[in-house]
Amino acid sequence: DTAVSQTPKYLVTQMGNDKSIKCEQNLGHDTMYWYKQDSKKFLKIMFSYNNKELIINETVPNRFSPKSPDKAHLNLHINSLELGDSAVYFCASSQAGQRINEQFFGPGTRLTVL
Amino acid sequence: KQEVTQIPAALSVPEGENLVLNCSFTDSAIYNLQWFRQDPGKGLTSLLLIQSSQREQTSGRLNASLDKSSGRSTLYIAASQPGDSATYLCAAVDGSSNTGKLIFGQGTTLQVKP
């Protein structure tokens, strides 16, 4: 009965490759987020989708492209991977994009670019 | 621009001690503030959410307070246990937009010694 799930949990790849991370939530939420946690453990928002519409796009390189096929899924595709992309990527969800509502996080995907 | 700061970065206490973790934010126009726990190599677990109209929230041995006028929130942990050892993160929902974006502090890593 996992609430927010991500696949894969670990991803090791070479520079220049293209990779995708998938996220699914079964909470019935209609807003989903991607956060990046760097090597210093600092978490920062990357993207957010509400009802499949992009509502947050922080200053992220356009090599990163989120895709939301439906309200329950938000995938992250990364082109031409660079060493600096190594980090832990967290997916989260909340209900109705309301500011007061609690965000629930997935277990994270640890991306290592060699 | 909202900034969230947590002090101290690390804290070590003997088992049974009551302790307070501090979180400060620069823009008092937040919509809510959420406290999370992160265990090593794991995702984020939501502990407490305080809405902007509230002063505090309690869950078991945890009590979180919010003082918007001074830009501060505290997480009080009563009768600490070794199992409380983790990194505690506070995050404010950005008040400058209605997107639900969370702005995170750097976290406080707590060690409770048996």
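So, here's what we can say about the structure. (Residues numbered from 1 in each chain as written. Chains lettered and ligands numbered in written order. Predicted model: local features only at pLDDT ≥ 70, side-chain atom pairs only at ≥ 80, totals over all residues. Heavy atoms only, no water.)

1. Quick notes on the overall build of chain A
Within chain A, the secondary structure is distributed over zero helices and eleven strands. Each helix and strand of chain A, ordered N terminal to C terminal, gives the series β-β-β-β-β-β-β-β-β-β-β. Computed over C-alpha atoms, the radius of gyration of chain A comes to 13 Å, within 12% of the 13 Å expected from 2.2 N^0.38 for 114 residues, which places it in the range of a compact globule. Overall size of chain A, expressed as C-alpha extent along the three principal axes, is 40 × 30 × 25 Å. Relative to its 114 residues, chain A shows a buried fraction of 43%. Looking at chain A as shown, the accessible area adds up to about 5700 Å², and 49% of this sits on carbon and sulfur atoms. Charge centroids of chain A, computed over 13 positive and 11 negative side chains, lie 5 Å from each other. (Helix = DSSP H or I, 4+ residues; strand = E, 2+ residues; numbered from the N terminus. Rg over C-alpha atoms; globule rule 2.2 N^0.38 Å. Buried < 20%, exposed > 50% of the residue type's maximum accessible area, 1.4 Å probe, protein only. Areas by Shrake-Rupley, 256 points an atom, 1.4 Å probe, with all protein chains shown as cover. Lys, Arg positive; Asp, Glu negative; His and termini not counted. Charge placed at Lys NZ, Arg CZ, Asp CG, Glu CD.)

2. Some details on the state of the cysteines
Scanning all chains against the criterion turns up two disulfides over all chains. Paired through a disulfide, C23(A) and C91(A) show a sulfur-sulfur distance of 1.9 Å. An S-S torsion of about -80 degrees defines the bridge between C23(A) and C91(A) as left-handed. Here the residue C23(A) occupies a position in strand 3 (residues 19-25), and C91(A) occupies one in strand 9 (residues 87-94), the gap between them amounting to 68 residues. Each sulfur in the disulfide pair C23(B) and C90(B) lies 1.9 Å from the other. The sign of the S-S torsion, about 75 degrees, decides the handedness of the disulfide formed by C23(B) and C90(B): right-handed. Placement of the pair is C23(B) in strand 3 (residues 19-25) and C90(B) in strand 9 (residues 86-93), with a sequence separation of 67 residues. Relative accessible area serves as the criterion here: at 0%, C90(B) is assigned to the buried category. (Disulfide = S-S within 2.5 Å.)

3. Some details on the interface of chain A and chain B
With 20 residues of chain A in contact, the opposing surface of chain B contributes 23 residues. Between chain A and chain B, the buried area comes to about 1800 Å², and carbon and sulfur atoms account for 56% of it. Linking chain A with chain B are one salt bridge, by the criterion used here. Here E58(A) makes a salt bridge to K101(B), at a shortest N to O gap of 3.1 Å. Scanning the region where chain A abuts chain B turns up five residue pairs in polar contact (both at pLDDT 80 or more). Of all the secondary-structure elements, those providing two or more residues to the side of chain A that touches chain B are strand 4 (31-37), strand 5 (43-50) and strand 6 (53-57) of chain A. Among the elements that line the side of chain A that touches chain B, the one with the most residues is strand 4 of chain A, at three residues. Of the residues in the side of chain A that touches chain B, the class split is eleven nonpolar, five polar and four charged. (Contact = heavy atoms within 4.5 Å. Buried area = accessible area lost by both parts, 1.4 Å probe. Salt bridge = Lys/Arg side-chain N within 4 Å of Asp/Glu carboxyl O. Polar contact = N/O pair within 3.5 Å; in protein donor to acceptor, adjacent residues only side chain to side chain. Nonpolar A, V, L, I, M, F, W, Y, C, P; charged D, E, K, R; others polar.)

4. Some remarks on the layout of surface pockets
Taken as a whole, the largest pocket holds about 480 Å³ of empty space. What lines the largest pocket is a set of 31 residues, and nearest its centre among them are Q37(A), K41(A), R110(A), Q38(B) and G41(B). Elements with a contribution of two residues or more to the lining of the largest pocket: strand 9 and strand 11 (109-113) of chain A together with strand 9 and strand 11 (108-113) of chain B. The element contributing the most residues to the lining of the largest pocket is strand 11 of chain A, with four residues. When grouped by side-chain class, the residues that make up the lining of the largest pocket number ten nonpolar, 14 polar and seven charged. (1 Å grid on protein atoms, 1.4 Å probe; cavity = no way out; pocket = protein on both sides within 12 Å on 5 of 7 lines; lining within 4 Å. Points joined across faces, edges and corners; volume = space filled by probe spheres on them.)

5. Some words on the environment of F104(B)
Tracing the backbone shows F104(B) in strand 10 (residues 102-104). Note: C-alpha distance between F104(B) and T5(B) (99 residues apart in sequence) is 8.0 Å. If sequence neighbours within four positions are ignored, F104(B) has contacts with Y35(A), F42(A), L43(A), F105(A), V4(B), F36(B), L44(B), L89(B), C90(B) and A91(B).

6. Observations regarding the nonpolar core
Grouped together as the largest cluster of nonpolar side chains are 24 residues, with contacts concentrated most on L33(B), W35(B), L75(B), I77(B) and Y88(B). In this structure L33(B) touches C23(B), F25(B), L48(B), L49(B), I50(B), L66(B), S73(B), C90(B), A91(B) and A92(B), once residues within four positions along its chain are discounted. With 19 residues, the next largest nonpolar core counts I21(A), M46(A), C91(A) and L111(A) among its residues. (Core = buried A, V, L, I, M, F, W, Y, C linked by side-chain atoms within 4.5 Å.)

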